[in-house]
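Listed below are the residues making up each chain.
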Amino acid sequence: MLGRWGSFSHRHPFWTLTLSGVVLALSIVFLVRGGELKNPRSLNLEAGHASDLAAGELPHTGGGGSSFSLIFTSDHVRVADARYRDAVEAAVRPLTQDSRVKQVITPWNIPAPDPTSTASPATQVSADQTSAVVYVLLKDSGGVSRKYYGDLRGQVHPGPLKVLAFDGVAEGNAFDTYLQTDLSRAEVIALPATILLLLLVFGALVAAGLPLLIGLVSILGGIGGIYAIAGFTDVSSYAQNVVTLIGLGVSIDYSLFIVNRFREELARGVDREQALATTMATAGRAIMFSGLTVAVGLSGMLFYTGSFLPSMGIAGAMVVGVAVFYSLTLLPALLRLLGPRINAVRVPIAATGSRKSWHRLAMGVMAHPVVVLVPTVAFIVLAGLPFGHLRMANGGIEELPATAEVRQGYDLSVRKFPGSRQTTVEVVLEFPGDPLTPSRVGAAYDLSRRIAKIKGVTSVSSVVDLDPALDRAAYQALYSAPASTRPPKVAQALKQGVGKHVMVLNASTDLPAESDPARDIVRAIRADRTVADGRLEVTGETAFDLDIVNFIVDRTPAAVGFIVGVTIIVLFLLLGSVVLPIKAVVMNFLSLSASFGALVWVFQDGHLAGLLGFTPQAVDPSIPVLLFCIVFGLSMDYEVLLMSRMKEEWERTRDNRHAVAEGLELSGRLVTGAAAIMFAVFIGFGLAQVLLIKSLGIGMAIAVLIDATLVRALIVPATMRLLGQLNWWAPGPVARLYRRLGLGEASAVVRPEPEPAGP
């Protein structure tokens with residue numbers, strides 16, 4: 001089929017170019033008129049449900065508008081000085097007059113006491129009287145206000161004071177800005193390196209330019225696709241980085257193999273049509289299966305529905321599909337038009353090494369397979385050992401560099417207001433009716449006292465904790481009395497903490513939100529859900545952290561099983577063997593183990609933190625998932641391209657040693673070049689400022705480096721030598737089915753069908 005498609009592309013190149021042009025035009029339209037990228041919330045978690053429940057009945061707890069904070073500081077003037085107040089009020093005056101701002105709360109205009117408000121002299125003026133915090137409340141939601149945050153921030157001129165913005169909209173805007181900067185930096189680094197490597201591989205400017213062209217249009221198509229999807233569902237703001245990360249690598253890899261095979265066929269002396277038909281039937285077939293394996297790996301993210309991961313998987317699979325599409329449409333049409341001119345504009349920097357070195361390497365490894373295999377595998381396993389003490393926690397402000405304004409503002413607020421960063425565990429009680437009946441008030445009172453006894457809890461605040469002099473019966477009597485008889489303080493507390501069906505208790509602790517002892521508090525509260533006829537749910541930063549980690553861990557076995565199972569099936573359809581797919585999966589796990597070990601050793605344990613410029617911290621739970629799904633697919637990319645060439649030689653000679661050596665000779669230099677290109681792309685992202693992108697880029701770069709060197713060059717030929725003829729074995733019925741379906745790759749050169757006779 002692909003051979004016939006190659007012939008069609010030769011005879012009708014302009015039809016193929018038109019098809020590619022239509023897809024490209026649609027991509028541009030979607031890019032311009034598509035939806036907005038935004039991270040979906042994890043609504044199917046207990047913490048998410050509890051947060052929504054509280055926000056629905058107590059709107060002040062989570063709904064309506066957005067905000068950011070400003071921290072003013074001075075080395076010479078104290079907050080009590082009139083000059084300090086004048087400078088702050090002059091700085092924020094433009095904000096008070098802006099129609100987009102709902103309220104600006106300074107230490108001198110704090111509203112009436114509110115039990116749930118963060119605004120108070122204790123939290124807005126530092127103990128050393130050098131710093132003051134101003135809260136800026138906005139009318140629009142965070143997604144809308146981030147668009148004009150820069151304009152609001154630009155209106156603040158602190159005069160003799162220093163000012164830093166942090167929290168809320170400021171933090172979200174900073175992540176958006178750094179992600180875009182990281183993307184631009186990666187492109188600036190990756191593109192020149194890619195051009196140089198392509199010139200080294202091909203030695204001709206025209207041949208090197210084609211893969212780069214396919215890479216650029218593939219990325220454009222992938223980004224256009226995610227903006228099209230964003231019009232119907234939430235797509236993560238990280239998706240654009242992932243599309244570039246994956247798209248540039250795979251599209252250049254695919255086109256590199258096709259261009260190289262086309263040049264090989266022309267060098268054999270065949271005509272242009274036959275060269276294109278054979279290229280499509282061999283290299284084209286290989287990249288189709290490669291695209292399938294990469295897409296299968298990325299589709300594992302669909303098991304994490306409710307998080308931002310499915311949108312990342314869809315985005316990645318989409319750009320892979322676009323890369324395969326252009327490699328099988330636009331690229332063959334360009335090859336047909338160029339023909340022998342594909343070798344035009346020779347460059348003097350081209351590599352001159354002989355492919356025979358790869359043949360000698362393969363034969364050397366196969367001469368002593370055990371000697372090569374044992375130490376190589378031992379080294380990779382040893383490199384993966386740090387993964388055994390992996391600790392996962394949601395990333396926050398510390399994922400941004402220490403030089404970011406919002407990070408500096410956050411760090412300064414922590415130093416100046418050491419008690420203001422307490423962790424709050426929010427306990428939401430939902431009842432079928434009025435929460436203030438005597439039995440329900442009594443149950444809430446008992447729960448509050450049980451929570452207060454949990455190790456690490458410093459205080460509990462709620463409507464049953466207003467006065468330590470009141471006991472259980474007193475609170476029941478207080479809330480059974482008419483509302484008109486209640487003191488103003490009690491009425492205000494009820495307004496803030498009790499809804500039609502909901503009552504909220506806040507447990508405070510000095511423990512960091514992501515720490516294990518803080519998680520133990522959440523677990524202890526959830527372990528005893530006895531609360532009359534109501535239902536207890538826990539939310540807050542620690543609860544979200546714990547729920548997301550559990551969410552990832554619970555779904556990972558099914559995702560891994562799906563990826564491995566489907567990949568084995570796809571590889572069987574390519575190779576006709578049941579042994580090679582299993583071997584390929586084992587090889588992938590080796591590459592991944594070293595990459596995961598490096599991830600923990602570097603980013604969690606903090607090695608190289610000074611060199612790479614980040615704050616050591618627990619690994620974001622999405623990173624192992626992203627790394628596994630992407631690297632598993634990309635590693636299989638090399639396996640497919642290498643094994644397909646070995647299979648071609650096996651079908652021709654039935655000599656296992658020859659097939660391995662010849663396949664490595666014909667593909668080794670290309671695999672190394674392709675891996676070097678991917679490595680350059682990933683390292684470009686490894687220099688990102690946002691820690692999630694940095695750790696993903698470096699983790700993938702390490703995986704590709706190990707996969708293309710130790711695994712493909714040493715472990716693969718060694719294991720294939722030990723397995724011998726068993727490499728190509730399949731049970732009789734399965735082998736017959738494979739042949740009957742016509743899935744095997746033709747060993748002979750594809751012959752194009754003749755043109756039909758004219759009239």
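Everything numeric here is computed off the predicted structure, so don't read it as measured data.

1. Notes on the overall build of the protein
Here is step 1: The helix and strand tally for the protein stands at 26 helices and 8 strands.
Here is step 2: Taking all 759 residues of the protein together, the buried fraction comes to 54%.
Here is step 3: Here the analysis covers contacts within the protein between residues at least 6 apart in sequence; of these, 81% occur between residues at least 24 apart.
Here is step 4: On the protein, roughly 30,800 Å² of surface is accessible, and the fraction owed to carbon and sulfur atoms is 62%.
Here is step 5: Distance between charge centres in the protein, computed from 63 positive and 60 negative side chains, equals 7 Å.

2. Quick word on the confidence of the model for the protein
Here is step 1: Confidence in the prediction for the protein averages 84 pLDDT; 92% of positions are at 70 or higher.
Here is step 2: Here residues 113–121 scores under 50 on pLDDT; set against residues more than four positions off or in separate chains, the count is 16 contacts.

3. Notes on the sheet that holds strand 5 (residues 423–430)
Here is step 1: Taken in spatial order, the 4 strands of this open sheet run 6-7-5-8, and their pairing is antiparallel. Edge positions in the open sheet fall to strand 6 (457–461) and strand 8 (535–539), since each of these has one partner strand only. Ignoring which end each strand starts from, the neighbouring axes of this sheet average 25° apart.
Here is step 2: Pairing geometry for strand 6 and strand 7 (residues 502–509), over 4 bridges, is antiparallel. Opposite V460, over in strand 7, you have A507 as the bridge partner.

4. Some details on the sheet that holds strand 1 (residues 66–73)
Here is step 1: Strand order in the open sheet made by the 4 strands is 2-3-1-4, with antiparallel pairing throughout. Of all strands in the sheet, those bounded by a partner on one side alone are strand 2 (101–105) and strand 4 (162–166). Ignoring which end each strand starts from, the neighbouring axes of this sheet average 20° apart.
Here is step 2: Where strand 1 meets strand 3 (residues 131–138), 8 bridges bridge the pair, whose relative direction is antiparallel. Among the inter-strand pairings, S69 is bridged to a residue of strand 3, identified as Y135.
Here is step 3: Of the strands in this sheet, strand 1, strand 2 and strand 3 touch helix 4 (residues 82–96), which is tilted by about 155° from strand 1.
Here is step 4: Set on the sheet, helix 15 (residues 405–416) makes contact with strand 1, strand 3 and strand 4; between it and strand 4 the angle comes to about 105°.

5. Focus on the pattern of salt bridges
Here is step 1: On inspection of all chains with the given rule, the structure shows 31 salt bridges.
Here is step 2: Among the ionic pairs, R83 bridges to D81, the shortest N-O distance being 3.1 Å.
Here is step 3: Given a relative accessible area of 55%, R83 falls into the exposed group.
Here is step 4: Assessed through its relative accessible area of 26%, D81 is described here as partly exposed.
Here is step 5: Linking R268 and E265 is a salt bridge whose minimum nitrogen-to-oxygen distance equals 2.6 Å.

6. Some points on the packing of aromatic side chains
Here is step 1: Using the criterion set out here, one finds 12 aromatic pairs in the structure.
Here is step 2: Above the face of the Y445 ring, R449 is positioned so that its terminal group lies 3.7 Å from the ring centre.

7. Thoughts on the pairing of strand 4
Here is step 1: By the criterion of burial, strand 4 is predominantly enclosed, with 4 of the 5 residues buried.
Here is step 2: Direction of pairing for strand 1 relative to strand 4: antiparallel, over a ladder of 5 bridges. What sits directly across from T73, in strand 4, is K162.

8. Points about helix 18 (residues 488–497)
Here is step 1: Those residues of helix 18 lying buried are V490, A493, L494, Q496 and G497. All buried residues of helix 18 lie within an arc of 165° about the axis, which places them on one face of the element. Away from the buried face of helix 18 by more than 90 degrees, exposed residues P488 and K495 are located.
Here is step 2: Those residues of helix 18 that are buried are in contact with helix 17 (472–480) and strand 7.

9. Description of the packing of helix 20 (residues 541–575) against helix 23 (residues 622–653)
Here is step 1: Orientation of helix 20 relative to helix 23, taken along the N-to-C sense of each, is 10°, at an axis distance of 12 Å. As the angle between them shows, helix 20 and helix 23 are arranged roughly parallel. Within the contact between the two elements, helix 20 uses I552, V560, I563, V564, T567, L571, L574 and L575 and helix 23 uses V625, F628, C629, F632, M636, V640, M643, S644 and K647.
Here is step 2: Residue classes in the contact of helix 20 with helix 23 are distributed as 14 nonpolar, 2 polar and 1 charged.

10. Concerning the nonpolar core
Here is step 1: Of all hydrophobic cores here, the largest spans 196 residues; its most connected members are L70 and F72.
Here is step 2: Excluding residues that lie within four positions of it along the chain, L70 makes contacts with V92, L95, A132, V133, V134, V136, V156, V163, L164, A165 and F166.
Here is step 3: Of all hydrophobic cores here, the second largest spans 35 residues; its members include Y445, V498, M503 and F544.

Rules of the game
- Residues numbered from 1 in each chain as written.
- Predicted model: local features only at pLDDT ≥ 70, side-chain atom pairs only at ≥ 80, totals over all residues.
- Heavy atoms only, no water.
- Helix = DSSP H or I, 4+ residues; strand = E, 2+ residues; numbered from the N terminus.
- Buried < 20%, exposed > 50% of the residue type's maximum accessible area, 1.4 Å probe, protein only.
- Contact = heavy atoms within 4.5 Å.
- Areas by Shrake-Rupley, 256 points an atom, 1.4 Å probe, with all protein chains shown as cover.
- Lys, Arg positive; Asp, Glu negative; His and termini not counted.
- Charge placed at Lys NZ, Arg CZ, Asp CG, Glu CD.
- pLDDT = per-residue confidence, 0-100.
- Pairing = 2+ DSSP bridges.
- Axes fitted to C-alpha atoms, helices over the stretch in contact; angles between N-to-C directions.
- Salt bridge = Lys/Arg side-chain N within 4 Å of Asp/Glu carboxyl O.
- Phe/Tyr/Trp six-rings, centres within 6.5 Å; stacked < 30°, edge-to-face > 60°.
- Lys NZ or Arg CZ within 6 Å of the ring centre and 35° of its normal.
- Arc of directions from axis to C-beta.
- Parallel < 35°, antiparallel > 145°, perpendicular 65-115°, else oblique.
- Nonpolar A, V, L, I, M, F, W, Y, C, P; charged D, E, K, R; others polar.
- Core = buried A, V, L, I, M, F, W, Y, C linked by side-chain atoms within 4.5 Å.

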